[in-house]
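Residue-level structural notes
As a plain string of letters, each chain reads:
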Amino acid sequence: MKKITLFIILSFTLIVQSQNEQLALDYYEKGEFEKALTLLEQIASKQTSNYYFFQRIIDCYQQLEQFDKAENAILERKKRYDQPILYIDLGYNYQLQKQEEKAKKQYELAIKEIENQPAYAYQLGSGFEKKVLVDWALKAYEKGQEINPELNFDYQIALLQGQLGNIELMTDKLLDFAYEKQDNTTVVQNYLTRFIADEAQSTFLNYLKKTLLIRTQKNPDIYWNQFLSWLYVQQKEYSKAFIQEKAIYKRNPESFNSIVSLAYMAFEDKQNEEAITILNFVLENTNDKLLQVSAHSFLMKIKMEEANVSDYAEINIELDALLEKYGFNSHSLELIKLAAHFQAFNLNNPKEAIVLLNKALELRLNSRETSEVKMELADVLLYDEKFNQAILYYAQVEENMKNDVIAHEASMKMAKANYYKNDFDWALQQVKVLKQSSSLLIANDAVELFLLIKDNSYEDSTRVALTAFAKSDLLLYQNKEDQALNGFVSILDQYKGDSIEDETLFKIATIYTRKKEYQKALSYYKQILDNHSEGIYVDEALFFSAEIYHKELDDVENAKPLYEKMIFEHSDSIYFTEARKQFRILRGDANL
């Protein structure tokens, strides 16, 4: 019984102590230093060796301008504990009182401790950093490395040089650190990305490129080619990245993974010429059947994307020839899915596509491959307006691939299928959840669909305009552009001034862009900017108008102000980063 009572008392004491500590820290964080100090002094009296609470007591004294108390506390602790960091605490206490010479003397004593024991360099350098004593922090780290070259503080030194505005020194130190500790390459690259993304740092970018090129020439290690390739990818300069990847391949011809990834990124960024060049290189240099299938699939996707109706017969023959060459098996799955998609969405032959995909499901596939085939099958069934069957397959993918990106994609497509079949309330419930998706693109699509249904349900409870819009949207999904365009134009005539107007204008502009009728597309984007400046499609209208002027019409004067407006007024847009990059190019920053 006594043991139980003792245990209860001890447990209660620990709980109270923990609550006091949390309360003290809450006061401290809120800047209520007098309240925090009372509790912290009580806690420190029971935990005399705890430097964490001691340091906060000193902070409270200093915030309350009780500098004598702070000094006495530090000196008292110095008598009991051999902690070199107390020199920094004492020096900083003098500095707050404008006693610069006395502060400097304490900081020098801290540095002297490193001369005696280099291992103190990290603790003291970090201590100086916390007080924003950048120059002294640099001295601490550099002294540690000088006395013991095995210590590596290149990363810390680099960040401090960056704070001081010494960008070139920062860059060199970061690259040295990355090369010496290659497991930390991603950490360094993530840090450099902040500067790469900053439009004011074009001189930094030029220096980074220059110093990486020099390192590739002076040091034959492929590490520098990989780093340079990474940099070119950040800038979406895929042809330059490919030069580096070829250099890597010549010295290490064991893997094409990075080259294929590069082709995929170029394809995703619509740099089709670069993607084709890279993929042809892969086909010329590999005997790996899977790699060949992947490369051919990419090349056929590009052909399909750029094709006119007159090219369809030739593409169909090519797809058949590739399937005959590589066989109908799990290894040629990418080609099978592509052939099925082409049959449905380009040749308007969904029945043939469904046969192909059902046959593919009979192959020996893993769970991901099965889900990918079912996803394509659901897409085709949706094309064929077999809504319930499509929804069933999307649901299977979602269930079988929980927490995977493909599951979120299936959920979004399921919501779209319900929207196309005019089950708006059910679609609304699904996109409510998807708005929180970890995938930015899916979340963005979910928000758009959510707002489309919501905004067009208030004024019109019968949802007549929304039903017409969904019908035209389905035609667009089915690649029936002219029919979709007629439908959207009709909606614009019938419901002009209604909440559906800006969505309709955007769809019409999108179709005209796809049809390469750019002046018409621009006129509809302009209507969004002029008449719906508070709507959700303003950033898209700005960005896509700028892209048309810049990349299709070569009209820099009209493109530049649109990119600029996008940057300054829509920093939360998913198109912000690309808009800023294009604006910098047009302004001439890339050539500095």
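If you're wondering where the values come from, they're calculated on a predicted model, not measured in any experiment.

Here is what the cut-offs are and how they apply
Residues numbered from 1 in each chain as written. Predicted model: local features only at pLDDT ≥ 70, side-chain atom pairs only at ≥ 80, totals over all residues. Heavy atoms only, no water. Helix = DSSP H or I, 4+ residues; strand = E, 2+ residues; numbered from the N terminus. Expected span 1.5 Å × (residues − 1). Buried < 20%, exposed > 50% of the residue type's maximum accessible area, 1.4 Å probe, protein only. Contact = heavy atoms within 4.5 Å. Patch = residues over 30% accessible without salt bridge, like charges linked within 9 Å, V, L, I, M, F, W, Y side chains within 5 Å. Areas by Shrake-Rupley, 256 points an atom, 1.4 Å probe, with all protein chains shown as cover. Salt bridge = Lys/Arg side-chain N within 4 Å of Asp/Glu carboxyl O. pLDDT = per-residue confidence, 0-100. Phe/Tyr/Trp six-rings, centres within 6.5 Å; stacked < 30°, edge-to-face > 60°.

Describing helix 19 (residues 333–346)
Here helix 19 spans 19 Å end to end across 14 residues, near enough to the 20 Å set by a 1.5 Å rise per residue. Burial runs high along helix 19: twelve of the 14 residues are buried. Those residues of helix 19 not exposed but buried are L333, L335, I336, K337, L338, A339, A340, F342, Q343, A344, F345 and N346. The inward-facing, buried residues of helix 19 abut helix 17 (289–306), helix 18 (312–326), helix 20 (350–360), helix 21 (367–383) and helix 26 (464–477). Just downstream of helix 19, N348 is the residue with a positive phi angle, here 55 degrees.

Here's the deal with the environment of A465
The residue A465 is located in helix 26 in this model. Given the relative accessible area of 8%, A465 is considered buried. Note: C-alpha distance between A465 and N444 (21 residues apart in sequence) is 23 Å.

Here we look at a nonpolar patch on the surface
A cluster of nonpolar residues, L440, L441 and I574, forms a patch on the protein surface that exposes about 290 Å² of accessible area. Along the chain, the position of L441 falls in helix 25 (residues 440–458).

A word on unusual backbone geometry
Phi is positive for N422, which is not a glycine, with a value near 70 degrees. Note that N422 resides in the loop between helix 23 (405–420) and helix 24 (424–434). For K516, which is not glycine, the phi torsion reads 65 degrees and is therefore positive. Structurally, the position occupied by K516 is in the loop between helix 28 (501–514) and helix 29 (518–531). Judged by its relative accessible area of 61%, K516 is exposed.

Some points on the pattern of salt bridges
Taken as a whole and assessed by the stated rule, the structure comprises 29 salt bridges. Salt-bridge contacts for D473 lead to K507; the nearest nitrogen and oxygen are separated by 3.0 Å. Remark: K507 occurs in helix 28 and D473 occurs in helix 26; sequence separation between them is 34 residues. K507 carries the same exposure label as D473, and that label is buried. Beyond isolated ion pairs, a larger network of salt bridges with shared partners links K112, E115, K143 and E146.

With respect to the confidence of the model for the chain
In this model, the chain carries a mean pLDDT of 89, and residues with pLDDT of at least 70 account for 95%. Helix 1 (residues 2–30) is the least confidently modelled element of the chain, averaging 59 in pLDDT, while helix 20 averages 97, the highest of any element.

Re helix 30 (residues 538–552)
Between its first and last C-alpha atoms helix 30 spans 20 Å; for 15 residues at 1.5 Å apiece the expected length is 21 Å, and the two agree. Burial analysis of helix 30 places twelve of its 15 residues in the buried class, the great majority of the element. For helix 30, the set of buried residues is V538, D539, E540, A541, L542, F543, S545, A546, E547, I548, Y549 and H550. D554 occupies a position one or two residues after helix 30 and carries a positive phi of about 55 degrees.

Some words on the packing of aromatic side chains
Per the counting criterion, the structure on display carries 38 aromatic pairs. Summarising the aromatic geometry, the rings of Y223 and W224 are spaced 5.1 Å apart at their centres and angled 80 degrees between planes, so their arrangement reads as edge-to-face. The residues Y223 and W224 share a single accessibility class, namely buried. On the numbers, 5.4 Å between centres and 80 degrees between planes, the contact of F242 with F281 is edge-to-face. Taken as a pair, F242 in helix 14 (residues 238–251) and F281 in helix 16 (residues 272–285) lie far apart in primary sequence, 39 residues in all.

With respect to the environment of V188
With respect to the helices and strands, V188 occurs in helix 11 (residues 185–196). For V188, a relative accessible area of 0% gives the class buried. Residues V188 and Y122 lie 66 residues apart in sequence; the distance between their C-alpha atoms is 19 Å. Among all residues touching V188, those that are not within four sequence positions of it are Y155, L174, F177, A178 and F227.

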